[in-house]
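Each chain, letter by letter, is given below.
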Amino acid sequence: METVGSSSSRAPAVGRGTKMRAAVLAATVTELTRTGYAALTVDGVARRAGVHKTTIYRNWKDSDGLVADALVGHFSADIPIPDTGAVESDLRALARSLVATMTTRAGRALLATVLSDAVRIPRLAEVKHALFVDRFRRAEPVVTRAVERGELPAETDPAELLKALAAPIYFRLVFTGEEVGEATADGAVRVALAAAYARAFPAA
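A. Spatial organisation of the pattern of salt bridges. Summed over the entire model, instances satisfying the criterion amount to 15 salt bridges. Glu31 is paired through a salt bridge with Arg34; the nearest N and O atoms lie 3.8 Å apart. Placement of both Glu31 and Arg34 in helix α1 (residues 17-35) is noted, with a separation of 3 residues, approximately one turn of the helix. Judged by its relative accessible area of 2%, Glu31 falls in the buried class. Through salt bridges with shared partners, a single ionic network connects Glu88, Arg92, Arg96, Glu182 and Asp186.

Structure (structure tokens):
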């Protein structure tokens, strides 16, 4: 891989510990947005973060470990879990939040990373799996509360409903390249709820 950037692009120096780590991971996300996974270099990240590359190598074994931690840090940020009192508005808020996150430059770049050849690397494949599992786990209360209120069939599997909600959004982002916006999110909610009312997501 070629080194990207130039000495003039070096950011102001940062300290150590948590501040340094945050700066490096933020720089990694920016570099992925700018260059993509294949062209990412530790040199480029170091310049952008304002640290020496030896600092990065002391804290991360290689660039793949750096990318893995950057993915975790970006996608594992707190996800607001709506509690509007109605399943339709809760799911709409979740779907619109997903669209808003994934249609940013950083969101698209990181999605491209987890779908690229990078996932053949065991560490990154594990991160990809864990990220999706964690996102569904944290959003499950939206479905369980709806079941408790009698809005959804008692046997509804929260994870399966949430996968059905996310699927139309990711399909457009990854495969068709269609415009993705709030209308996409709202349509995904209608489809997921129709399937749920038809008892299409029975718990195992």
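B. How the structure looks around the packing of aromatic side chains. Counted by the stated rule, this structure contains 2 aromatic pairs. Ring plane angle 70° and centroid distance 5.8 Å describe the contact between Phe132 and Tyr170, whose orientation is recorded as edge-to-face. Note that Phe132 is positioned in helix α7 (residues 122-148) and Tyr170 in helix α8 (residues 158-176), a separation of 38 residues in sequence. Its relative accessible area of 28% is what places Phe132 among the partly exposed residues.

C. Structural detail: the environment of Thr33. By the secondary structure assignment, Thr33 is in helix α1. Within the local environment of Thr33, its side chain forms a polar contact with the backbone oxygen of Val29, the two atoms lying 2.9 Å apart.

D. View of the confidence of the model for the protein. When the pLDDT values of the protein are averaged, the result is 88; 91% of them are 70 or greater. The lowest-confidence element of the protein is helix α6 (residues 105-115), averaging 87 in pLDDT; the highest-confidence one is helix α9 (residues 182-197), averaging 98. Per-residue pLDDT stays below 50 along residues 1-13; that stretch engages in 35 contacts with residues further than four places along the chain or on separate chains.

E. Region of the structure containing the nonpolar core. In this structure, Val24, Ile56, Leu71, Leu91 and Leu165 are the most contacted members of the largest nonpolar core, which totals 56 residues. Of all the secondary structure elements, the ones that give two or more residues to this core are α1, α2 (42-49), α4 (63-75), α5 (87-102), α6, α7, α8 and α9. Of the residues forming this core, the biggest block, 8 residues, is contributed by α7. Apart from the residues within four sequence positions on either side, Ile56 is in contact with Val24, Val42, Val45, Ala46, Val51 and Leu66.

Rules of the game
Residues numbered from 1 in each chain as written. Predicted model: local features only at pLDDT ≥ 70, side-chain atom pairs only at ≥ 80, totals over all residues. Heavy atoms only, no water. Salt bridge = Lys/Arg side-chain N within 4 Å of Asp/Glu carboxyl O. Helix = DSSP H or I, 4+ residues; strand = E, 2+ residues; numbered from the N terminus. Buried < 20%, exposed > 50% of the residue type's maximum accessible area, 1.4 Å probe, protein only. Phe/Tyr/Trp six-rings, centres within 6.5 Å; stacked < 30°, edge-to-face > 60°. Polar contact = N/O pair within 3.5 Å; in protein donor to acceptor, adjacent residues only side chain to side chain. pLDDT = per-residue confidence, 0-100. Contact = heavy atoms within 4.5 Å. Core = buried A, V, L, I, M, F, W, Y, C linked by side-chain atoms within 4.5 Å.

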